There are 4 protein chains.
Amino acid sequence: MENPIPDYLGDILDSVRDDSSGEIPTYIPELAQADPEWLGLALCTTSGHLYSAGDDDVEFTIQSLSKPFAYALAIESAGMDAVVDAVGLEPSGEAFNELSLGEDGRPVNAMINAGAITVNQLINGPDSGVDERVEMIRDYFSRLAGRELEIDEKSAESELAGADRNLSLAHMLRSYDIITDSAQDAVLSYIRQCSVKVTVKDLAVMAGTLANGGVHPRSGEKLVDARVARLTLSVMNSSGMYDAAGRWQARVGIPAKSGVSGGIIGTLPSQLGIAALSPRLDGSGNSVRGVKAFEELSDQMGLHLMNGVGMSGSETVRTIEHRGGDSVVVLQGPVDFSAAEAALHAISGRKLTGERVVLDLERVTHTQPMGIAMLGEGLRRLREGGREIASHDPRGFLLDNELDDGTLVPDVMDLDA
Amino acid sequence: MENPIPDYLGDILDSVRDDSSGEIPTYIPELAQADPEWLGLALCTTSGHLYSAGDDDVEFTIQSLSKPFAYALAIESAGMDAVVDAVGLEPSGEAFNELSLGEDGRPVNAMINAGAITVNQLINGPDSGVDERVEMIRDYFSRLAGRELEIDEKSAESELAGADRNLSLAHMLRSYDIITDSAQDAVLSYIRQCSVKVTVKDLAVMAGTLANGGVHPRSGEKLVDARVARLTLSVMNSSGMYDAAGRWQARVGIPAKSGVSGGIIGTLPSQLGIAALSPRLDGSGNSVRGVKAFEELSDQMGLHLMNGVGMSGSETVRTIEHRGGDSVVVLQGPVDFSAAEAALHAISGRKLTGERVVLDLERVTHTQPMGIAMLGEGLRRLREGGREIASHDPRGFLLDNELDDGTLVPDVMDLDA
Amino acid sequence: MENPIPDYLGDILDSVRDDSSGEIPTYIPELAQADPEWLGLALCTTSGHLYSAGDDDVEFTIQSLSKPFAYALAIESAGMDAVVDAVGLEPSGEAFNELSLGEDGRPVNAMINAGAITVNQLINGPDSGVDERVEMIRDYFSRLAGRELEIDEKSAESELAGADRNLSLAHMLRSYDIITDSAQDAVLSYIRQCSVKVTVKDLAVMAGTLANGGVHPRSGEKLVDARVARLTLSVMNSSGMYDAAGRWQARVGIPAKSGVSGGIIGTLPSQLGIAALSPRLDGSGNSVRGVKAFEELSDQMGLHLMNGVGMSGSETVRTIEHRGGDSVVVLQGPVDFSAAEAALHAISGRKLTGERVVLDLERVTHTQPMGIAMLGEGLRRLREGGREIASHDPRGFLLDNELDDGTLVPDVMDLDA
Amino acid sequence: MENPIPDYLGDILDSVRDDSSGEIPTYIPELAQADPEWLGLALCTTSGHLYSAGDDDVEFTIQSLSKPFAYALAIESAGMDAVVDAVGLEPSGEAFNELSLGEDGRPVNAMINAGAITVNQLINGPDSGVDERVEMIRDYFSRLAGRELEIDEKSAESELAGADRNLSLAHMLRSYDIITDSAQDAVLSYIRQCSVKVTVKDLAVMAGTLANGGVHPRSGEKLVDARVARLTLSVMNSSGMYDAAGRWQARVGIPAKSGVSGGIIGTLPSQLGIAALSPRLDGSGNSVRGVKAFEELSDQMGLHLMNGVGMSGSETVRTIEHRGGDSVVVLQGPVDFSAAEAALHAISGRKLTGERVVLDLERVTHTQPMGIAMLGEGLRRLREGGREIASHDPRGFLLDNELDDGTLVPDVMDLDA
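All values reported here derive from a predicted model rather than from experimental measurement.

Criteria and thresholds
- Residues numbered from 1 in each chain as written.
- Chains lettered and ligands numbered in written order.
- Predicted model: local features only at pLDDT ≥ 70, side-chain atom pairs only at ≥ 80, totals over all residues.
- Helix = DSSP H or I, 4+ residues; strand = E, 2+ residues; numbered from the N terminus.
- Buried ≥ 20, exposed ≤ 12 C-beta atoms within 10 Å, placed from the backbone.
- Contact = placed C-beta atoms within 7 Å.
- UniProt positions renumbered as here; feature names shortened; annotations may be inferred.
- Least-squares fit on C-alpha atoms with pLDDT ≥ 70 in both.
- Nonpolar A, V, L, I, M, F, W, Y, C, P; charged D, E, K, R; others polar.
- Axes fitted to C-alpha atoms, helices over the stretch in contact; angles between N-to-C directions.
- Parallel < 35°, antiparallel > 145°, perpendicular 65-115°, else oblique.
- Left-handed = near helix turned anticlockwise from the far one by under 90°.
- Pairing = 2+ DSSP bridges.
- Expected span 1.5 Å × (residues − 1).
- Domains from an automatic or database assignment.
- pLDDT = per-residue confidence, 0-100.
- Right-handed = clockwise from strand over helix to strand, strands pointing away.

## Quick word on the overall build of chain A
Thought 1: A tally of regular secondary structure across chain A gives 14 helices and 11 strands.
Thought 2: Overall, the C-alpha framework of chain A stretches about 75 × 50 × 35 Å when taken along its three principal axes.
Thought 3: When burial is assessed residue by residue, chain A has 62% of its 417 residues classed as buried.
Thought 4: Sequence separation of 24 or more characterises 68% of the internal contacts of chain A that already satisfy a separation of 6 or more.

This is the structure:
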């Protein structure tokens with residue numbers, strides 16, 4: 001069977017294809033050479049499945065879509081405290097060329113240019129040369145995308161020539177001692193970051209990595225700390241779509257970031273990374289057809305951060321079986337608070353008749369510390385209540401997890417089916 | 001075994017108990033009589049499990065925590081268009097007593113008082129008397145809580161006497177023709193809405209209903225349209241925590257609303273409703289210990305909207321079994337886009353050797369239309385590829401779902417285990 | 001000879017008469033009954049000459065033109081400190097219905113409604129009844145106009161019925177403890193202040209009193225302290241014309257205040273009070289033809305605060321004559337710093353050949369303390385230099401003015417012409 | 001007799017001398033070398049008398065005090081329309097380093113840096129080299145001061161090195177197509193304008209020229225068009241003192257401009273130019289002791305724009321005498337609207353018994369067109385009423401002034417005393 005999902009994506013593209021409104025921005029000469037008809041869409045699940053449709057192999061410069069990834073890299077490079085000290089977390093409610101800082105003298109967030117130039121400077125340390133910093137960024141983006149990405153140096157050069165807004169920002173940031181590089185270098189470094197060439201497929205995978213708690217959905221490589229990925233998505237959600245953040249959150253409900261080359265990326269935490277391309281922009285600087293495609297994705301596919309009918313923890317407990325003298329509690333999937341709650345609820349609410357209660361974690365995919373702690377506490381209480389306990393935990397999720405009384409849960413290697 | 005979750009909640013309360021900073025507001029005489037030491041916490045899962053700790057039976061007036069629920073009721077009562085036309089969707093970034101309207105002449109969102117007074121007026125139509133409107137609200141809140149709630153009329157009366165800010169807002173709204181009731185009536189109606197008496201347990205259940213797509217997690221009654229619940233949560237997320245919306249989203253990551261009586265409610269869509277009570281407020285008008293308790297919940301329990309390690313769709317496919325000549329694909333849990341994607345991916349990626357492919361939906365709990373459509377399309381393509389298809393669908397999820405070619409999927413009543 | 005000035009005023013009215021743009025505001029029913037064709041202009045010099053043209057006997061409600069006069073009365077009534085503490089001095093740059101206070105929590109100035117309601121409350125003390133306060137205002141305005149003015153109680157009543165904006169302001173001011181009267185009383189008191197009936201001739205005389213340092217230009221009665229008049233004009237200049245203060249100052253250059261009934265008053269300190277009436281208003285709430293008339297007055301008649309070719313002090317010294325053994329220095333007009341400087345310059349720069357130097361102050365009209373002190377110091381130095389000194393000072397300007405050495409200047413009753 | 005006015009100025013300096021609060025700014029290295037104890041004051045009357053005290057010969061860089069004079073020069077150079085189109089007229093209410101433009105996309109006024117850089121670019125045309133432009137400015141400032149001024153090129157150089165704020169502004173202005181020079185050139189040109197070296201005596205004379213309607217008070221040379229001087233003073237008044245414009249206007253009442261080198265200039269139209277120097281600045285960037293000295297000048301000397309006890313027109317009519325068959329009306333001083341009004345009032349109100357009415361203009365010092373037109377109209381009406389008319393007008397004020405009926409007033413060469 002051919003998977004119909006690419007066809008669904010194609011249908012979405014078809015439904016927005018005829019909208020020829022909007023304009024390609026002319027202030028960056030290289031951008032003006034984009035084909036206004038380009039139209040592409042890609043989607044990468046956290047389980048690593050990548051789907052795409054339309055112009056999914058067209059390379060274009062990443063522009064502002066680089067901001068969340070550079071933000072994550074800056075935190076990895078300079079530490080979370082340094083980054084949060086330098087750049088705020090509040091939505092700006094302002095247009096993308098706004099020059100002002102927040103009342104506390106910092107760029108209000110990392111998704112506007114003032115914040116993004118500051119973030120760029122935090123990568124590879126204050127003494128880094130421009131070339132080293134840009135190479136570090138290019139390499140990181142490449143690992144996120146899963147292939148070697150290149151910088152469009154010609155585009156960077158042409159953008160630099162008309163970079164008065166960014167130079168204005170950089171001089172302002174210097175005047176407040178927020179950055180120390182020369183304005184020219186700071187803008188050059190930022191513009192080259194923006195000139196990395198990507199496809200919608202690259203972007204969907206990159207966004208999927210953020211959705212997957214920082215783990216690359218295809219290679220399984222850990223590229224972003226889970227807390228950093230979480231913070232990055234929070235900032236995208238509150239500040240990524242410029243001056244219509246509230247409406248976007250209500251209408252589309254997918255944390256997103258748009259860029260001047262016509263790209264939009266979105267993420268649904270734990271589910272998906274998404275990317276669209278269509279170069280004509282609306283008055284807010286967002287891709288006209290890209291916005292519409294996201295609206296369709298949200299509407300038709302029910303992709304919305306606030307959807308209440310998703311997975312709850314209740315599917316964690318696959319079954320409770322009695323085998324020999326054991327009551328075997330079989331868990332599956334990731335074990336977070338909700339999942340552990342469901343397990344505890346099942347255990348505490350049912351009569352477990354076996355002499356021994358065995359927790360079968362063989363089918364568990366990920367764990368969060370709290371989920372493991374909760375399971376451990378449940379086992380401890382069972383034992384306190386006079387039951388023998390054990391686990392079947394071939395991947396060792398409970399291995400380092402002493403119970404509150406300092407003992408470990410004995411593990412059972414083989415469980416009869 | 002005694003479920004340890006109430007103990008966890010108690011631990012969180014203990015960790016914040018000693019913070020005696022903040023003040024009980026004095027401008028509402030009845031509020032000043034709250035016991036500053038009250039401290040309670042409750043949590044309701046979307047599967048209906050309710051846990052609580054501390055002062056979980058103390059009744060207090062709901063105050064601004066009424067705003068999201070009244071917003072949902074107004075949409076049910078007046079229609080989404082009328083409500084979205086009257087009140088904006090953008091975060092205010094402003095203090096809770098701010099008088100100004102947005103540039104478009106509307107209250108900027110429904111979580112500030114100007115918006116909430118406007119929303120209140122949309123309930124039960126413009127010609128409704130105050131008593132009828134308030135009774136409609138009290139009744140709706142009671143159904144959300146699952147018990148009959150009462151209005152603290154004495155508190156309402158005392159609040160009305162010092163209601164200059166709200167009267168100022170109501171006169172302003174009248175001057176812009178946004179409301180038509182007399183200012184006195186509009187404020188009376190709003191203040192009585194704010195005077196419904198609740199406990200943290202009530203609030204956790206009410207919030208849990210929003211988290212559960214509008215379905216009451218304990219009774220299963222459908223109280224809020226799923227789209228309305230989603231919109232309500234979006235607005236809470238972008239605007240519920242006054243002037244620190246961005247930091248709250250990044251730090252806590254739980255869509256929330258706070259109130260002047262010291263309550264805070266939070267929701268994690270598809271997972272939980274949460275409520276805390278502690279009457280002393282910080283300078284922003286939020287409960288000091290309530291905020292801390294939410295920070296702990298987020299930190300310790302990993303409850304954060306942007307967490308990437310949650311349930312993805314990959315747990316949907318329980319197994320693919322071969323029984324007789326059938327390949328039986330067993331799905332479980334809710335079937336949304338992600339779940340259906342996982343199923344399609346499994347089907348299209350594997351060699352199904354049986355003559356007939358049977359989709360077993362017996363363990364499916366909820367469905368979204370897109371998820372069902374995707375499964376249907378997968379079956380259609382299998383048949384197109386020469387396979388016989390069938391479903392085992394005792395709850396009838398596929399019943400109304402014609403395939404693209406107008407046929408229905410034949411159902412198999414009994415499947416051999 | 002018939003004075004041509006009324007004809008000049010008539011010419012100005014003719015030049016703006018045909019502009020029928022603008023609208024009579026409808027939110028105050030009584031205002032809507034004004035004749036849109038009314039067109040009047042009056043001008044009162046500080047020497048008391050009153051000229052007028054057009055509908056100069058039409059009575060209309062004073063509305064916001066009452067603000068500067070009530071401001072002056074509030075300072076007389078409550079003291080300058082109390083008034084300046086309660087209401088700021090900064091231009092608002094905002095529309096006339098703006099609800100917000102300044103960052104310091106006070107109304108930004110006394111020319112916007114929030115400030116004017118606050119100012120009204122400062123008249124006759126916080127315990128004053130509305131009737132007593134309003135009578136005090138009516139009486140004061142009558143003395144400024146030089147005739148008994150009446151309140152249009154019917155207009156006040158009709159305005160009160162639709163006074164949501166002002167009621168909103170009053171409730172807000174109460175919520176900040178800026179006023180203590182009930183909102184209803186505060187607005188009633190303010191609206192009745194606004195309902196005093198005046199003509200453009202009344203207003204020109206009232207404005208002329210402010211221009212004349214608080215001395216009624218016709219009766220000579222001292223009605224406003226000079227410092228209060230000065231402060232009032234400063235506030236009119238920076239804040240009187242709503243959101244176009246800078247352009248008005250540059251283009252027209254006459255400190256002014258406009259009102260919703262179509263009146264505009266202006267003053268040129270030491271020179272003139274001006275008033276215009278034409279009921280149709282522009283989008284900023286200013287009388288369309290009134291604004292044009294002021295532009296013409298400024299352009300054609302050279303009436304502009306920043307005009308450099310006006311009276312300097314150099315005309316003070318009428319002559320220096322030698323009579324008998326005296327050198328008689330004849331001064332004329334008002335003696336302020338500039339005038340005294342001119343006198344001192346003349347005395348110190350010339351060879352005074354007489355044995356005695358006599359300062360003839362018979363033609364001096366007003367004095368400021370510094371001007372008198374400077375003249376005294378000049379005389380003292382002349383005596384120190386060996387000259388005999390005396391004054392001819394029938395009005396006693398020097399009477400209380402001891403020289404620095406404690407002596408008085410001997411006075412000469414008769415001077416030979 | 002020694003003129004006591006320098007002593008008065010010295011007294012003012014003494015009264016503020018001991019205030020050692022405030023700081024010398026360090027961001028411009030050359031400024032940091034100023035002696036913090038410098039304290040100087042100078043005053044120049046429109047009649048050309050120059051008084052000074054303290055460090056009145058210390059040269060310092062003019063900095064922002066250059067803004068009003070460059071504004072006047074830009075209008076002379078590019079025309080009023082071009083300048084008013086490029087830069088707004090509204091007070092900013094904002095600090096001196098504010099980066100934002102007004103809502104119309106223009107710098108809000110010419111007294112903030114964004115406006116001043118724009119104004120500088122309008123001098124000598126868009127194609128002017130920096131050197132030519134700066135020389136034009138230096139030459140103009142020299143003529144205003146009445147001596148050759150020099151540029152402190154070393155200071156300019158040191159300022160350029162730390163000019164991030166101004167470079168930020170220049171890039172922003174370029175990005176909005178408000179200026180076309182390179183950012184580097186625009187800032188260099190502006191900084192060199194700011195580096196002209198002046199003393200308080202120079203500045204008092206320069207400000208005196210603006211006060212005198214553009215006529216140099218000492219040389220009598222016409223350097224600024226009267227309308228341009230008027231506009232420049234209006235802008236200084238509404239926007240010269242940064243964020244306290246309203247309080248300054250109320251408290252001091254002298255249109256003023258302050259600069260970072262510790263200077264403040266002030267003007268009272270038709271009366272005075274004033275300049276103070278004291279390098280330590282307050283938090284708003286204004287000279288601490290300079291501000292105090294201006295407050296003293298306003299308080300003690302009664303120098304306030306809104307003072308009502310100044311010269312009114314009533315001193316114009318020196319006398320009406322009967323000589324031979326003539327009624328001779330002797331006028332003196334400048335003849336503006338107010339003066340002409342006084343003359344017309346005198347003529348029309350009195351019984352002139354002579355056969356002929358002669359207007360004696362020998363003592364008139366200046367005239368405004370409206371004043372002359374009014375006198376002419378008065379004469380015409382007298383003749384129309386049957387009187388013979390004539391003038392004694394040795395300076396020819398009436399020469400080009402045809403009466404409304406096309407005739408000229410016959411002139412009488414000699415008048416018997």
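From this point, things continue past the structure.
## Considerations on the UniProt feature "binding site: substrate" (unreviewed entry) in chain A
Residue and element names in this part refer to chain A.
Thought 1: Here the UniProt-annotated "binding site: substrate" (unreviewed entry) positions come out as Ser64, Asn113, Glu159, Asn166, Tyr190, Tyr242 and Val260.
Thought 2: Note that Tyr190 resides in helix α8 (residues 183-194).
Thought 3: The exposure class of Tyr190 is buried, given the 31 C-beta atoms found within 10 Å.
Thought 4: Beyond its immediate stretch of four places on either side in the chain, Tyr190 contacts Ala116, Ile117, Asn120 and Asn166.
Thought 5: For Val260, the location among the structural elements is in the loop between β5 (256-258) and β6 (263-268).
Thought 6: The buried category is assigned to Val260, around which 22 C-beta atoms lie within 10 Å.
Thought 7: Ignoring sequence-local partners within four residues, the contact set of Val260 consists of Pro25, Leu31, Gln63, Ser64, Leu281 and Gly285.

## Side note on the interface of chain C and chain D
Thought 1: Facing 75 residues of chain C, the contacting portion of chain D comprises 75 residues.
Thought 2: Contributing elements (two or more residues each) for the side of chain C that touches chain D: α10 (226-239), α11 (245-251), α12 (288-301), β9 (326-335), α13 (337-349) and α14 (369-384) of chain C.
Thought 3: Counting residues per element, the side of chain C that touches chain D draws most heavily on α10 of chain C, which supplies 10 residues.

## Let's talk about the UniProt feature "domain: STAS" (unreviewed entry) in chain A
Thought 1: The sites that carry the UniProt feature "domain: STAS" (unreviewed entry) are, in the present numbering, residues 316-389 of chain A.
Thought 2: With 39% helix and 42% strand, residues 316-389 of chain A has its two end C-alpha atoms placed 19 Å apart.

## Considerations on the relation of the copies chain B and chain C
Thought 1: Least-squares fitting of chain B to chain C yields an RMSD of 0.1 Å, with the transformation described by 0.0 Å of translation along the axis and a rotation of 179°. Overall, the copies show the geometry of a two-fold rotation axis. For chain B, the residue whose C-alpha comes nearest the rotation axis is Ser168 of chain B, separated from it by 1.9 Å.
Thought 2: When the interface residues of chain B are mapped onto chain C, 100% of them again fall at the interface, so both copies present the same face.

## Notes on the arrangement of the chains
Thought 1: Separated in space, chain A and chain C share no contact, their closest pair of C-alpha atoms being 14 Å apart.
Thought 2: A minimum C-alpha distance of 13 Å separates chain B and chain D, which share no contact.

## Quick look at the relation of the copies chain C and chain D
Thought 1: Each copy of the sequence occupies a distinct position, and chain C is placed on chain D by a rotation of 180° and an axial shift of 0.0 Å, giving an RMSD of 0.2 Å.
Thought 2: When you check the interface residues of chain C against chain D, 100% turn up at the interface there too, and the contact is symmetric in its surfaces.

## With respect to the interface of chain B and chain C
Thought 1: Across the contact, 11 residues belong to chain B and 11 residues belong to chain C.
Thought 2: With eight residues, the single largest contributor to the side of chain B that touches chain C is helix α7 (residues 164-175) of chain B.
Thought 3: Of the residues that constitute the side of chain B that touches chain C, the class distribution is four nonpolar, four polar and three charged.

## Topic: the packing of helix α1 (residues 5-16) of chain C against α12 of chain C
Residue and element names in this part refer to chain C.
Thought 1: Contact geometry of α1 with α12 gives a least axis separation of 9 Å together with a crossing angle of 130°. Between α1 and α12, the crossing angle belongs to the class labelled oblique. The crossing of α1 and α12 is right-handed. For the pair α1 and α12, the contacting residues are Ile12, Leu13, Ser15 and Val16 in the first and Arg289, Lys292, Ala293, Glu296 and Leu297 in the second.
Thought 2: For the contact of α1 with α12, the residue count by class is five nonpolar, one polar and three charged.

## Focus on the sheet that holds strand β11 (residues 388-392) of chain C
All names here are of chain C.
Thought 1: What the four strands build is an open sheet, ordered β8-β9-β10-β11; its pairing is mixed. Looking at which strands have only one partner, the edges of the open sheet turn out to be β8 (317-323) and β11. Ignoring which end each strand starts from, the neighbouring axes of this sheet average 20° apart.
Thought 2: Two elements, β8 and β9, share six bridges in a ladder whose sense is antiparallel. In the sheet register, Glu321 faces β9, and the bridge partner there is Val328.
Thought 3: Against the sheet, α13 engages β8 and β9, with an angle of about 165° to β9.
Thought 4: Most of the contacts of α14 go to strand β10 (residues 356-367), to which it runs at about 180°, and overall it touches β9, β10 and β11.

## Focus on α7 of chain B
Thought 1: Over its 12 residues, α7 of chain B extends 16 Å from the first C-alpha to the last, a length consistent with the 16 Å expected when each residue adds 1.5 Å.
Thought 2: Buried within α7 of chain B we find Asp164, Arg165, Asn166, Leu167, Ser168, Leu169, Ala170, His171, Met172, Leu173, Arg174 and Ser175 of chain B.
Thought 3: Where α7 of chain B is buried, its residues meet α4 (113-121) and α8 (183-194) of chain B together with α7 (164-175) and α8 (183-194) of chain C.
Thought 4: Downstream of α7 of chain B by a residue or two, Asp177 of chain B has a phi angle that is positive, lying close to 60°.

## Observations concerning the domain arrangement of chain A
Thought 1: Structurally, chain A comprises domain 1 (5-301) and domain 2 (313-392).
Thought 2: Using C-alpha coordinates to define each centre, domain 1 of chain A is positioned 42 Å away from domain 2 of chain A.

## Quick look at unusual backbone geometry
Thought 1: Look at Asp177 of chain A: it is not a glycine, yet its phi comes out positive at around 60°.
Thought 2: Note that Asp177 of chain A resides in the loop between α7 (164-175) and α8.
Thought 3: With a phi close to 70°, Ser270 of chain D is a non-glycine residue in the positive phi region.
Thought 4: Tracing the backbone shows Ser270 of chain D in the loop between β6 (263-268) and β7 (272-277).
Thought 5: Classification of Ser270 of chain D as buried rests on a count of 24 C-beta atoms within 10 Å.

## Description of the confidence of the model for chain A
Thought 1: Of all residues in chain A, 95% attain a pLDDT of 70 or more, and the chain-wide mean is 89.
Thought 2: As scored by the predictor, the complex reaches a pTM of 0.88 and an ipTM of 0.89.

## Some thoughts on the pairing of strand β11 (residues 388-392) of chain A
Residue and element names in this part refer to chain A.
Thought 1: On β11, burial follows the alternation: Ile389 and Ser391 on one face are buried, whereas Glu388, Ala390 and His392 on the facing-out side are not.
Thought 2: In this structure, strand β10 (residues 356-367) lies alongside β11, joined through five bridges in parallel fashion. If you follow Leu359 over to β11, its bridge partner there is Ser391.
Thought 3: With helix α14 (residues 369-384) bridging β10 and its parallel neighbour β11, the resulting β-α-β unit is right-handed.

## Here's the deal with the packing of helix α13 (residues 337-349) of chain A against α14 of chain A
When two helices pack together, their arrangement is given by the angle between the helix axes and by the axis-to-axis distance.
Residues and elements named next belong to chain A.
Thought 1: Across the interface, α13 lies against α14 with an axial gap of 8 Å and an inter-helix angle of 15°. Classified by the angle between their axes, α13 and α14 sit roughly parallel to one another. For α13 against α14, the interelement crossing comes out right-handed. Where α13 abuts α14, its residues Phe337, Ala339, Ala340, Ala343, Leu344 and Ile347 lie against Met370, Gly371, Met374, Leu375 and Gly378.
Thought 2: By residue class, the composition of the contact of α13 with α14 is nine nonpolar, two polar and no charged.

## As for the pairing of strand β9 (residues 326-335) of chain B
Residue and element names in this part refer to chain B.
Thought 1: A large share of β9 lies buried, amounting to 10 of its 10 residues.
Thought 2: In sequence, strand β8 (residues 317-323) turns back onto β9 through a hairpin of two residues, with Gly324 there showing a positive phi of about 55°.
Thought 3: Read from β9 through helix α13 (residues 337-349) to strand β10 (residues 356-367), the crossover connection turns out right-handed.

## Re the sheet that holds strand β2 (residues 50-54) of chain C
Residue and element names in this part refer to chain C.
Thought 1: In space, the five strands of this open sheet follow the order β2-β1-β7-β6-β5, with antiparallel pairing throughout. The open sheet has two free edges, formed respectively by β2 and β5 (256-258), since each of these has just one partner strand. Looking at each pair of strands side by side, their axes are set apart by 10° on average, direction ignored.
Thought 2: Against the sheet, helix α9 (residues 200-211) engages β1 (40-45), β2, β6 (263-268) and β7 (272-277), with an angle of about 150° to β7.

## A closer look at the environment of Leu149 of chain D
Residue and element names in this part refer to chain D.
Thought 1: Within the fold, Leu149 resides in the loop between α5 (130-145) and α6 (153-161).
Thought 2: Sequence separation of Leu149 and Val196 is 47 residues, and the distance between their C-alpha atoms is 6.7 Å.
Thought 3: Residues within four places of Leu149 in sequence aside, it is in contact with Arg138, Phe141, Ser142, Val196, Lys197, Val198 and Asp202.

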